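Observations on the three-dimensional arrangement
Spelled out, the chains give:
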Number of protein chains: 2
Amino acid sequence: MSATQGKATNIHWHEGDLTRDERWGALKCTGGTMWFTGLSASGKSTIASALEQVLVQDGVNCYRLDGDNVRHGLNKNLGFSAEDRAENIRRIGEVAKLFSDNGTVALTSFISPYSADRDDCRKMHDDAGLAFIEVFVDTPLDICEERDPKGLYKKARAGEIKGFTGIDDPYEAPAKAELVLKPGVDSLERCVEQCIDMLRERGLIKG
Amino acid sequence: MSATQGKATNIHWHEGDLTRDERWGALKCTGGTMWFTGLSASGKSTIASALEQVLVQDGVNCYRLDGDNVRHGLNKNLGFSAEDRAENIRRIGEVAKLFSDNGTVALTSFISPYSADRDDCRKMHDDAGLAFIEVFVDTPLDICEERDPKGLYKKARAGEIKGFTGIDDPYEAPAKAELVLKPGVDSLERCVEQCIDMLRERGLIKG
C-alpha cells in the first residue's frame, strides 16, 4: 500500500471518480464479455470452465457467470415464464457489463435461446464501450440429447418438463456470432484455443 | 499466455471448476465487501470513491457499486416502493458477493436504510465464506441537510419527494457496524485511512 497508517500524505486521489482508463491502466487489464450460447448439454460450461482456468492460472482476471452462481443468488426470484427468462438474461448482461467495466474478462454460460435478449446484452455493452463477443456453441440437438447428463431431455420428451429449449421451446441460433465452436467435432482443447485466439484478437488478453 | 496458438500442450486444466483458493492464489488477491451505509449526503460516495482510487492505483482490484452504475442498469426496473427498495439492496448484495468471490474488494455505496436488508446481505456473504464489513458513515442529519448537494432534502421538506430517508422515512443506524466514520469531524483523508486499516486488519489487503 502506498497509504500507510499515520502517513496520510501518501494517500492521493483526485476530484471525481476513477476513470476506466485509469483503472485498467493501473491493474494492467482489459475487460469485456464473452457470451456463450447454445443448447443444454452443448458444452458451454465445460468450455467456459476450462477457459477460465487457463486464463486465471495465467494471471488474467476472468470470471464465469453461470447457473450455479446466478440462478441461486441474484436471480433466485425468477421463474421460467417468458418474462422471467428475459429478465434473467437482462440481469446477467448487466452484471457481465459491471465485471467488464471492472477490467474482468467475464464469461457467461447460459442457454440464452432468444436472439433479442442476447442482442439487448450486446447493445448495453456497445453503449458502454465494452467488448461483447458472442460464442455459439454449435452442438446439434441429437448429440446434446444423447449426452443428456442431467436427464433433462428425457424428462422434456416425457412431458415432465415444459418449455424446454430445443424440445418444445425454440433455440434461435446466432446469425452473427463472433465465434462458432463445434465441440461435437473439435476437441475441448481446440475450442479453448479458439476462444483464446479470439480474446487475443480483440485485445482482451495479451501475448 | 501459457496457452499459445498451435501449442495445445500448454493448455492445462482439471476436471471441475476453478476453486476460490486457486483463483485468489493465482491472482494474488482476497475478495470481500465493504458496505457503506448512511444518510443521503453523508459522504458515503466521496469516501468510497477516494478509497477506490487509492487501492486501484496501488494495484488492488477494487470496484465500487453505486447509484450511477446500478440504478440505471441492473436495477433500472425497480422503483421506490418498500418491496422494490428491499429488492434493490438484495441485488446489490448478490452482485457484491459475486465480485467478492472473484477476488475483488467490492465497495457498495447506498443509503441502505433498513437493518434487515443489510443483515440479509451480511448473511449471504457469511454463508459464502466471504468478508462483509459494514461501514456506518455517521454524519448527523442536520449536517447532511445543510450540505444538500442535489437539493433533495429541500424537496423532501417541501413534500415534493415522498419517503425520503431521514425526513419522512426512517434510517436505521447499524448496531454492529465494523467501522463508524464521522466525516463531519474527521478529514476525508482520515476516513480513507480508517477504511484501509480495517481492510488490512481483515486481510483483504496486504502491507
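The sections below set out a description of the structure shown in this document. (Residues numbered from 1 in each chain as written. Chains lettered and ligands numbered in written order. Predicted model: local features only at pLDDT ≥ 70, side-chain atom pairs only at ≥ 80, totals over all residues.)

1. Some words on the overall build of chain A
Inclusion rule: We count a stretch as a helix when DSSP gives it H or I for four or more residues in a row; a strand needs E for two or more, and each element gets its number in order from the N terminus. Remark: C-beta atoms are placed from the backbone, and a residue is labelled buried if 20 or more other C-beta atoms sit within 10 Å of its own, exposed if 12 or fewer do, or partly exposed between those counts. Residue pairs are scored as contacts if the distance between their C-beta atoms, which are placed from the backbone, is within 7 Å.
Summing up its helical and strand segments, chain A has eight helices and five strands in all. In terms of overall dimensions, chain A has C-alpha extents of about 70 × 35 × 30 Å along its principal axes. Within chain A, the proportion of its 207 residues that are buried is 46%. Looking at chain A alone, contacts between residues at least 24 apart form 74% of all its contacts between residues at least 6 apart.

2. Remarks on the packing of helix H4 (residues 82-102) of chain A against helix H5 (residues 115-127) of chain A
All names here are of chain A. Rules: Lines fitted to C-alpha atoms define the axes, with helix axes restricted to the stretch in contact, and inter-axis angles between N-to-C directions lie between 0 and 180 degrees. By the definition adopted for this analysis, an angle is roughly parallel if under 35 degrees, roughly antiparallel if over 145, roughly perpendicular if from 65 to 115, and oblique otherwise. Each crossing gets its handedness from the near helix: less than a right angle anticlockwise from the far helix is left-handed, clockwise is right-handed. Lys, Arg, Asp and Glu make up the charged group, whereas Ala, Val, Leu, Ile, Met, Phe, Trp, Tyr, Cys and Pro make up the nonpolar group; the residues left over, Gly among them, are polar.
Viewed as axis vectors pointing N to C, H4 and H5 meet at an angle of 25°, and their least axial separation amounts to 9 Å. In terms of axis orientation, H4 runs roughly parallel to H5. Note that H4 runs across H5; the crossing there is right-handed. Two secondary-structure elements touch here, H4 through Ala 86, Ile 89, Arg 90, Gly 93, Glu 94, Lys 97 and Ser 100 and H5 through Asp 117, Asp 120, Cys 121, Met 124 and His 125. Residues belonging to the contact of H4 with H5 are distributed by class as follows: four nonpolar, three polar and five charged.

3. Notes on the sheet that holds strand S5 (residues 179-181) of chain B
All names here are of chain B. For clarity, the cut-off: When DSSP finds at least two bridges between two strands, those strands are taken to pair.
With parallel pairing, the five strands of this open sheet are ordered in space as S2-S3-S1-S4-S5. This sheet does not close on itself; its edge strands, each paired only once, are strand S2 (62-66) and S5. With strand direction ignored, the average angle separating the axes of adjacent strands in the sheet is 20°. In the packing of helix H5 (residues 115-127) onto the sheet, contacts are made with strand S1 (32-37) and strand S4 (131-137), and the angle to S4 comes to roughly 155°.

4. Concerning the relation of the copies chain A and chain B
One copy of the chain maps onto the other through a rotation about an axis plus a displacement along that axis. How we decide: Overlaid copies result from least-squares superposition on C-alpha atoms, with residues included only where pLDDT is at least 70 in both.
Each copy superposes on the other: chain A lies on chain B with an RMSD of 0.0 Å after a rotation of 180° and an axial shift of 0.0 Å. Both chain copies can therefore be described as sitting about a two-fold axis. Take the interface residues of chain A: 100% of them recur as interface residues in chain B, which is what a same-surface contact looks like.

5. Some points on the sheet that holds strand S5 (residues 179-181) of chain A
Residue and element names in this part refer to chain A. Ordered by their spatial adjacency, five strands build an open sheet running S2-S3-S1-S4-S5, and the pairing between neighbours is parallel. Looking at strand neighbours, the two that pair on one side only are strand S2 (62-66) and S5, the edges of this open sheet. Pairs of neighbouring strands in the sheet enclose a mean axial angle of 20°, with direction left out of account. In the sheet, S2 pairs with strand S3 (residues 105-109) via five bridges, with the strands oriented parallel. Note on S3: the bridge partner recorded for Tyr 63 is Ala 106. Across the sheet, H4 lies against strand S1 (32-37), S2 and S3, angled at about 160° from S3, the strand it touches most.

6. Overview of the interface of chain A and chain B
Residue-level contacts link 40 residues of chain A with 40 residues of chain B. Elements with a minimum of two residues in the side of chain A that touches chain B: helix H1 (20-27), helix H2 (44-57), H4 and helix H8 (188-201) of chain A. Top contributing element to the side of chain A that touches chain B by residue count: H2(A), with seven residues. Residue composition of the side of chain A that touches chain B, by class: 18 nonpolar, twelve polar and ten charged.

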